[in-house]
Amino acid sequence: MATFTERMGPVLLLWLAVCLGGTWAVDRGNFKTCDQSAFCKRQRAMKPGESPYRALLETMELTNTRLTLQLINDNNKVRLLLELYRLQGNITRVKINELKPLKPRYEVPDVLIREPPTEPLSLLSQDENGVVLSLGPESQRVIVSARPFRLDIVEGRDVLMSLNSRGLLGFEHLRMRKDTSQADPEAENKEGTDPSNQAETTKEEEEKVEDGMWEETFKSHTDSKPNGPSAVSLDFSLPGVEHVYGIPEHADTLKLKTTDSGDPYRLYNLDVFQYELYNPMALYGAVPVMLAHNAQRTTGIFWLNAAETWVDISSNTAGKTVFGKMLDYVQGSSETPQTDVRWISESGIIDVFLMLGPTPRDVFSQYASLTGTQAFPPLASLAYHQCRWNYNDQEDVRSVDAGFDEHDIPYDFIWLDIEHTDGKRYFTWDPHKFASPKEMLQGLMDKKRKMVAIVDPHIKVDTNYKIHNEIRSRGFYVKNKDGGDYEGWCWPGSAGYPDFTRPDMRAWWASQFAYDQYEGAMENLYTWNDMNEPSVFNGPEVTMHKDALHGSWENRDLHNLYGLYVQRATTEGLIERSGGVERPFVLTRAFFAGSQRYGAVWTGDNAAEWDHLKISIPMCLSLGLVGISFCGADVGGFFKSPSTELLVRWYQTGAYQPFFRAHAHLDTPRREPWLFGPENTALIREAIRQRYTFLPYWYQLFYHAYHTGEPVMRPLWVEYPQDPATFALDDEFLLGRDLLVHPVTEEGARGVTAYLPGKDEEVWFDIHSFQKHNGGQNLYIPVTMSSIPVFQRGGAIIPRKLRVRRSSTCMEHDPYTLYVALNNQRTAEGELYIDDGHTFNYEKKEFIHRRFSFTNGVLSSVNLEPDAQFTTKSWVERIIILGASKPSMITLKTADGEENQLEFDFDASVFVLTIRKPGMNAGADWTVTLQ
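A brief look at the structure comes next. Everything quoted here is computed from the prediction, not taken from an experiment.

As a further point, take the pattern of salt bridges. A side chain of one charge can pair with a side chain of the opposite charge when the charged atoms of the two come close. Enumeration over the complete set of coordinates arrives at 67 salt bridges. Among the ionic pairs, D351 bridges to R93, the shortest N-O distance being 2.7 Å. Placement of the pair is D351 in strand 20 (residues 350–355) and R93 in strand 4 (residues 91–98), with a sequence separation of 258 residues. With respect to burial, D351 and R93 carry one shared label: buried. With its nearest N and O atoms 3.6 Å apart, the salt bridge here joins R425 to D422. Among the charged side chains, a network of salt bridges with common partners joins D223, R266, E308, E346, E541, K546, E554 and R556.

What follows is the structure, encoded as structure tokens:
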């Protein structure tokens, strides 16, 4: 490391000393609390019930598609403009901006996939106190109250959601600075600025200029705040709700906690070294979407703002024990549960989408209609990935690759971290360690395997580096507040940060992935975008200064978008290099709403600790609820060294999470799967092989996620929304509807207790023993080191491939085994989706999509997409029916009318029927009849 750090200067040396030292805890002093964030502290100091805002009903204008209405702050006479839209699909949009701002305020671009289509609004009634509008379906109405301003959405007699019911709407108007001559002398005369709209600042109000309004210092960094205070905030009340979820990324439970006694949840993309668990601190990504759920309804709030944001949550039932709630009930004093949420953002406008459900699926569909769905990944990317910082050289890569074959463990991708480059210059290779990258990639391609190489968005300032020279000459770097190129410290030392908010910069970046630009790249090389919060080692809170400039906008306004733009440009580059034919795979650390359209995310630099294994479940569940299904955590933990038991349990858990990658820090001992003795190698091999057998099911789930926005990995309440026992569960999860997974995440565990939902309805089959269990129970499961508790839902048919080979591509033409789990009605259904696994040809209807159904003793396969065209060499080699009774005869009838008797075995001890070698093509019509 010596020569590496000498080049990087004292600041980076200090950072590395902290990072690589032995202490395991985030340095909280590097990151702001709400009290240290001036706008959060100001907004949080507002008292409920004292709203200065009233609606000026005489200004109301109602067209077919929107309502506009002015609000006035009676304290300072500043007017705001409220816009209200009824959108298709049971969504209401509310926008609030200054009526006549001193200059434009930032409105987030590029996140919505289109301007959302509207539906008609109609006026039902109006008087001096307010207006009532119809939202169309099922007697839904919007009630706008005038004094103080308040907005309620009601259905029948039920209030679904209220805005400003606690009077915490805050909107800091742009203003001239009074105490210096720094203000823009032309600003007061700019067209559209009405002096009468600006605050009539009284002597009393002048005294209210607080620290941090026009300049703010944190540690050694000063934020110049040339536009002054510009924060916005709004409160939402959710009657009848005790459970809210979402707003990732936080290392916390699935059910969000109340924040009355501490900091709000923070959304501000940061490189948080050695993050702590179970707290509301910001992490690498930010999706400002919250879901609220009770047994009657699911709703969502999407706060479209990319500035630093804090979210406060309070509840009138928080802290009450079950006994306390029962006592309330017995004494007749039980109040309706209610959760109150308050969003606070540093700048921009209020632009909020109220997704009114009523079901969880409706909310997923509503959010997908706004920001798009999960990109449909290449099949191979759903298999196993092997990574560490760093595989040393080409020989190391070759040796690790051979090790997987030698130990009969499949894998699809091997990864290279920053040390593969020439001196941290991305798009290059170390000339000594990786002298012939194409030879290395060809060796992997010969085995139908792939590679991912890291490309970070900090660019080494070096006039001998082509990428830097081009970005500088084109003026593509982010600027500092004085107009020069912004520079900070990162892995290469002094680095510039490309302005990915610019379409021309993104197009240029994308062009650098072309095979004639990215020397050494081949079609089996994919990309990893790390450090894209962006990470700036010597910046405030280890990120970019808020007064850095992206064109005319400050980083303050759009900070949380940066990572999305980096991943988008990279994804577009991988698509373009193939002429639009091949699906990309890009992993990102930083993300925002809409990032699901561009690839995968992971939970960042976790640690080899049991609690970090546990937290990977709620972290990925939270991401899935807000559209980002392709999520995983570093298997084994990035920092520190796992015990053998922890490593095995992490492989067993990761094998059932969407993104399955092992990764480790530079300073940790090597931990390839065969380095822990033959017994543990066998356990890890078995976990990885289980993943490969389920790839057809994973692929089908991602196809559905791409079409519907429904999460692949989902909390139990999504499928059992009326079962309160599921509402806070986050140590088990569902994959689709049909697999329930309860990983072993406790050290030394001899057993786990899994909740099996579906009382009086469902049955669940252990996928290993085929034992049948009734739903609606807490099932104690004894475990050994080989146990991975997984259950298939009765009523489900799951296709698997049991012939595991060295990579998923090697299994392309292999046969299927159908697992048919019968429900209490002795029926089952499932699907099979097949395409080429890697191109966009599915968009041209080149795929097979079939439905399997079992009813009245007949299993059939029918075509769900008759106009789709694709052929497969795969066939059905086995059908296993769980919960079966023994037939006397089984016959197969194919599409051409031919009938054959089939051989079968029946295990009466577990009621399992195995039909051997039925032999029909996986894309064909057929029926199998049990007699």
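From this point, things continue past the structure.
Interhelical geometry of helix 13 (residues 610–625) versus helix 14 (residues 644–654) gives an angle of 5° and a closest axis separation of 10 Å. Judged on the interaxial angle alone, helix 14 and helix 13 are roughly parallel. Here W610, H612 and L613 of helix 13 lie close against helix 14, whose contacting residues are E645, L646, R649, W650 and T653. Residue composition of the contact of helix 13 with helix 14, grouped by class: 4 nonpolar, 2 polar and 2 charged.

Take the environment of Y486 next. Summarising the element assignment, Y486 is placed in the loop between helix 9 (466–474) and strand 25 (487–490). Spatially, the C-alpha atom of Y486 lies 9.1 Å from that of H545, the residues being 59 residues apart in sequence. Contacts of Y486, omitting those with residues within four sequence positions, involve V478, K479, N480, A495, G496, Y497, V536, T543, M544, H545 and A548. A polar contact of 2.9 Å, which involves the side chain of Y486, links it to the side chain of H545.

On to the sheet that holds strand 39 (residues 763–766). A sheet is described by the order of its strands in space; here 6 strands give the open sequence 35-36-37-42-39-40, paired in antiparallel fashion. Looking at strand neighbours, the two that pair on one side only are strand 35 (713–714) and strand 40 (772–774), the edges of this open sheet. The pairing of strand 39 with strand 40 spans 3 bridges and is antiparallel. What sits directly across from V763, in strand 40, is N774.

So, about the pairing of strand 2 (residues 66–73). Most of strand 2 sits inside the fold, with 7 of its 8 residues counted as buried. By the bridge criterion, 6 bridges tie strand 1 (residues 53–62) to strand 2 in an arrangement that is antiparallel. If you follow E61 over to strand 2, its bridge partner there is T68. Connecting the antiparallel pair strand 1 and strand 2 is a turn made up of 3 residues. Pairing geometry for strand 2 and strand 3 (residues 79–87), over 7 bridges, is antiparallel. Across the sheet, the residue bridging to R66 is Y85, located in strand 3.

Its location among the elements puts N294 in the loop between strand 16 (289–293) and strand 17 (298–303). A distance of 2.9 Å separates a polar atom in the side chain of N294 from the backbone oxygen of G240. At 2.9 Å, the side chain of N294 and the backbone nitrogen of Q296 are in polar contact. Filtering out sequence-adjacent residues up to four positions away, N294 remains in contact with G240, V241, P721 and F727.

Rules and cut-offs
Residues numbered from 1 in each chain as written. Predicted model: local features only at pLDDT ≥ 70, side-chain atom pairs only at ≥ 80, totals over all residues. Heavy atoms only, no water. Salt bridge = Lys/Arg side-chain N within 4 Å of Asp/Glu carboxyl O. Helix = DSSP H or I, 4+ residues; strand = E, 2+ residues; numbered from the N terminus. Buried < 20%, exposed > 50% of the residue type's maximum accessible area, 1.4 Å probe, protein only. Axes fitted to C-alpha atoms, helices over the stretch in contact; angles between N-to-C directions. Parallel < 35°, antiparallel > 145°, perpendicular 65-115°, else oblique. Contact = heavy atoms within 4.5 Å. Nonpolar A, V, L, I, M, F, W, Y, C, P; charged D, E, K, R; others polar. Polar contact = N/O pair within 3.5 Å; in protein donor to acceptor, adjacent residues only side chain to side chain. Pairing = 2+ DSSP bridges.

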